[in-house]
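# Understanding the architecture of this molecule
The chain contents come next:
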Amino acid sequence: MTLPRDFLDTPIAHRGLHNAERGIVENSRAAFQAAIDAGHGIELDVQFSRDAIPMVFHDYELHRLTACSGPVRERSWTELADIGLRNSYDRIERLDTILEWIGPRAPVLIEIKDQSGLPRADLDAIDQVTGQIMKNAAEKHGTRCAVMSFNPQYIANLSWLPEHLARGLTTTEAADYPDTLPQAVRDGLARMSAFGPGMSFVSHNCNHLDNPRLAELKQAGAAILCWTVRSAAQERIARKVADNITFEGYLPT
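This report concerns the structure included in the present document. As the structure is a prediction and not an experimental result, all values here were calculated from the model.

## Side note on the overall build of the protein
A tally of helices and strands in the protein yields 8 helices and 10 strands. Its C-alpha atoms give the protein a radius of gyration of 17 Å, within 12% of the compact-globule value 18 Å for 253 residues. In terms of overall dimensions, the protein has a C-alpha envelope of 45 × 45 × 35 Å along the principal axes. Within the span of the protein, comprising 253 residues, buried residues form 53% of the whole. Contacts spanning at least 24 positions in sequence make up 57% of the contacts within the protein whose residues lie at least 6 apart. Put simply, the protein shows about 11,300 Å² of open surface, and 51% of that area lies on carbon and sulfur atoms. Distance from the positive charge centre (26 side chains) to the negative charge centre (33 side chains) of the protein: 2 Å.

What follows is the structure, encoded as structure tokens:
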């Protein structure tokens, strides 16, 4: 399995091409439209509602980006969809709605945020729901999707996805993983030891692209993406290793 060229040929706008000063909030329809208009790919985040519906939102808590507070997963999807994003006309939206709306206009890199605090039944379902939404969007609306997560189990569980819906890992160095995880687990994640059959890319912290495991994976045919590049100077350094970048705060040339 290989990552489609769509995800390598143009820089990917981190949470869309957002600009809070202009009322374009991250992970909003306006941010995604701005990325489309500029010819960039889109990276977006998925959190889950109380009823296990994938919602396009980065944080676990609502307060930074909305006038509400509390965990996202304590509200139903209908409650979340009624919440406006701060300083914006946009609202929190369902993943399926956004993927249908984007359609074939831009490649979409979906990051499933870790949901380890959810009940076991929901944990068993969330990646499957996300995968089915991706498959439906691709088949019915021509949406070009790939999926990644810091939690490798979610990605392993999506082995049934068709080849054109690529799967990969979001990764960083060991010290960046939660200290609630055992050191051996953090070390394994940093070594990308969970990278397995059917996975085609990693998106690694751009500040740690000297990790030798990246060179091994690249030699074996995996694509190397990175997050989150914030300047042209940082991009020049990242591209010595990375096949493509996820960026924000400036416009790549």
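## So, the pairing of strand β10 (residues 244-247)
Neither face of β10 is exposed, since Asn 244 and Thr 246 on one face and Ile 245 and Phe 247 on the opposite face are all buried. Relative to β10, strand β1 (residues 12-14) runs parallel, the two sharing 2 bridges. Bridging across to β10, Ile 12 finds its partner in Thr 246. The pairing of strand β9 (residues 223-229) with β10 spans 3 bridges and is parallel.

## Let's talk about the pattern of salt bridges
Pairing between side chains of opposite charge can happen when their charged atoms approach one another. Applying the stated criterion across every chain yields a total of 15 salt bridges. Between Glu 26 and Arg 15 there is a salt bridge whose closest N-O contact spans 3.0 Å. One end of the pair, Glu 26, is in the loop between β1 and α1 (29-38); the other, Arg 15, is in the loop between β1 and α1, with 11 residues separating them in the sequence. Summarising the burial analysis for this pair, Glu 26 and Arg 15 share the class buried. The closest approach of N and O atoms between Arg 213 and Glu 216, which form a salt bridge, is 3.2 Å. On the criterion of helical spacing, the pair formed by Arg 213 and Glu 216 is a turn pair, its members being 3 residues apart in helix α7 (residues 212-219). By relative accessible area, which is 23% here, Arg 213 ends up partly exposed. Among the charged side chains, a salt-bridge network with shared partners connects Arg 15, Glu 26, Asp 45, Asp 59 and Arg 64.

Criteria and cut-off values
Residues numbered from 1 in each chain as written. Predicted model: local features only at pLDDT ≥ 70, side-chain atom pairs only at ≥ 80, totals over all residues. Heavy atoms only, no water. Helix = DSSP H or I, 4+ residues; strand = E, 2+ residues; numbered from the N terminus. Rg over C-alpha atoms; globule rule 2.2 N^0.38 Å. Buried < 20%, exposed > 50% of the residue type's maximum accessible area, 1.4 Å probe, protein only. Contact = heavy atoms within 4.5 Å. Areas by Shrake-Rupley, 256 points an atom, 1.4 Å probe, with all protein chains shown as cover. Lys, Arg positive; Asp, Glu negative; His and termini not counted. Charge placed at Lys NZ, Arg CZ, Asp CG, Glu CD. Pairing = 2+ DSSP bridges. Salt bridge = Lys/Arg side-chain N within 4 Å of Asp/Glu carboxyl O.

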